[in-house]
Amino acid sequence: ITFSGYPGEAVTIDAQFIYRIGFEVEGDYIHITNIAFTRAKRFGIHTTDALAIHISDVEAYMNADLDTAFPAIFVEYNSHDCLLERIHAHHNGVGISIGGPNNPWPAYCPNVPTNAPTNCIRAYPDVPVPGKPNNCVVQNSLIHDNFRGDYEGSDGLYFGYVDNGVARNNVIYGNIDDGIDMLASVNGI
């Protein structure tokens, strides 16, 4: 499925009056291209449980409420084989985040040690166990000036709990915290 602006025309999704997320993706083989996303209270684009997501030629700006570090584009749990290219992310809480800042277990396993997923499965057998994003590439993108208000945790490009995250040929500058943060990533380059 492709979501695209008509060639030669500018399409903007202004999420100012939407509760949290400008565009939510929970499907497979989705291509989002030639669209701008702005003023979402949390995420301009959010993917979870997505396979083969392709986001290209997208501008994401002024997403996240002031003093928060929500990313303009957030690829989250169980998303695999993601390609983000030619993204222009600026003036957001965080530019692009692949994977969350925390191990997914605590959110799904309250009061269970974070290093004990088998305990989680025993304690909550009906709760699906989230997986980390895997095989995600961010390339040929411009990511700059991401900070909202006084919050000092704003990265340009953030790889959280991710397996095989790749960042290449990006221009990243002027973000209030790190340009690229590969915290807790496995095989990230």
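Quick caveat, the model's predicted, so the values are computed rather than measured.

Engineer: I would appreciate a short explanation of the nonpolar core in the present structure.
Structural biologist: Soluble, globular proteins show a tendency: their nonpolar side chains are buried together. Ile32, Ile55, Ile73, Leu84, Ile96 and Ile98 are the most contacted members of the largest nonpolar core, which totals 28 residues. Elements that contribute at least two residues to this core include exactly strand S3 (21-25), strand S7 (54-61), strand S8 (71-75), strand S9 (80-90), strand S10 (94-98), strand S11 (134-139) and strand S13 (157-159). Take this core: its biggest share by element is four residues, from S9. Every residue in contact with Leu84, bar those within four places of it in the chain, is listed here: Ile55, Ile73, Val75, Ile96, Ile98, Val137, Val138, Gln139 and Ser141.

Engineer: Explain the packing of aromatic side chains to me, please; I cannot follow it from the model alone.
Structural biologist: Each aromatic ring pair is characterised by the separation of its centres together with the angle its planes make. For the coordinates displayed, the defined rule picks out four aromatic pairs. With centroids separated by 5.0 Å and ring planes inclined at 80 degrees, the aromatic side chains of Phe3 and Phe23 adopt a geometry described as edge-to-face. With Phe3 in strand S1 (residues 2-4) and Phe23 in strand S3, this pair connects stretches of sequence that are 20 residues apart. Accessibility expressed as a relative area gives 34% for Phe3, which makes it partly exposed. Ring geometry for Phe43 and Phe74: centres 5.1 Å apart, planes at 55 degrees, overall tilted.

Engineer: Sorry if this is basic, but what is going on with the environment of Ile55 here?
Structural biologist: Relative to the elements of secondary structure, Ile55 occurs in strand S7. Excluding its chain neighbours within four sequence positions, the residues that come into contact with Ile55 are Ile32, Ile45, Ile73, Leu83, Leu84, Glu85 and Ile87.

Engineer: Sorry, what's going on with the pattern of salt bridges here?
Structural biologist: As a working rule, side chains carrying opposite charge can pair if their charged atoms are close by. Enumeration over the complete set of coordinates arrives at three salt bridges. A salt bridge links Arg86 to Glu85; the nearest nitrogen and oxygen atoms lie 3.4 Å apart. On the accessibility criterion, Arg86 (39% relative accessible area) is partly exposed. Among the charged side chains, a salt-bridge network with shared partners connects Asp57, Glu85 and Arg86.

Engineer: Which parts of the structure should I look at to understand the side chain of Thr47?
Structural biologist: With respect to the element layout, Thr47 can be found in strand S6 (residues 43-47). A distance of 3.3 Å separates the side chain of Thr47 from the side chain of Ser79, its partner in a polar contact. When neighbours within four sequence positions are excluded, Thr47 is seen to be in contact with Val25, Ile53, Phe74, Val75, Glu76 and Ser79.

Engineer: Looking at this structure, how should I read the side chain of Thr38?
Structural biologist: Within the element layout of this structure, Thr38 appears in strand S5 (residues 36-38). Residue Thr38 is classed as buried on the basis of its relative accessible area of 5%. Within the local environment of Thr38, its side chain forms a polar contact with the backbone oxygen of Tyr61, the two atoms lying 2.8 Å apart. Setting aside anything within four residues of it in sequence, one finds Thr38 in contact with Thr12, Ile13, Asp14, Ala15, Gln16, Tyr61, Met62 and Asn63.

Cut-off values and rules
- Residues numbered from 1 in each chain as written.
- Predicted model: local features only at pLDDT ≥ 70, side-chain atom pairs only at ≥ 80, totals over all residues.
- Heavy atoms only, no water.
- Core = buried A, V, L, I, M, F, W, Y, C linked by side-chain atoms within 4.5 Å.
- Buried < 20%, exposed > 50% of the residue type's maximum accessible area, 1.4 Å probe, protein only.
- Helix = DSSP H or I, 4+ residues; strand = E, 2+ residues; numbered from the N terminus.
- Contact = heavy atoms within 4.5 Å.
- Phe/Tyr/Trp six-rings, centres within 6.5 Å; stacked < 30°, edge-to-face > 60°.
- Salt bridge = Lys/Arg side-chain N within 4 Å of Asp/Glu carboxyl O.
- Polar contact = N/O pair within 3.5 Å; in protein donor to acceptor, adjacent residues only side chain to side chain.

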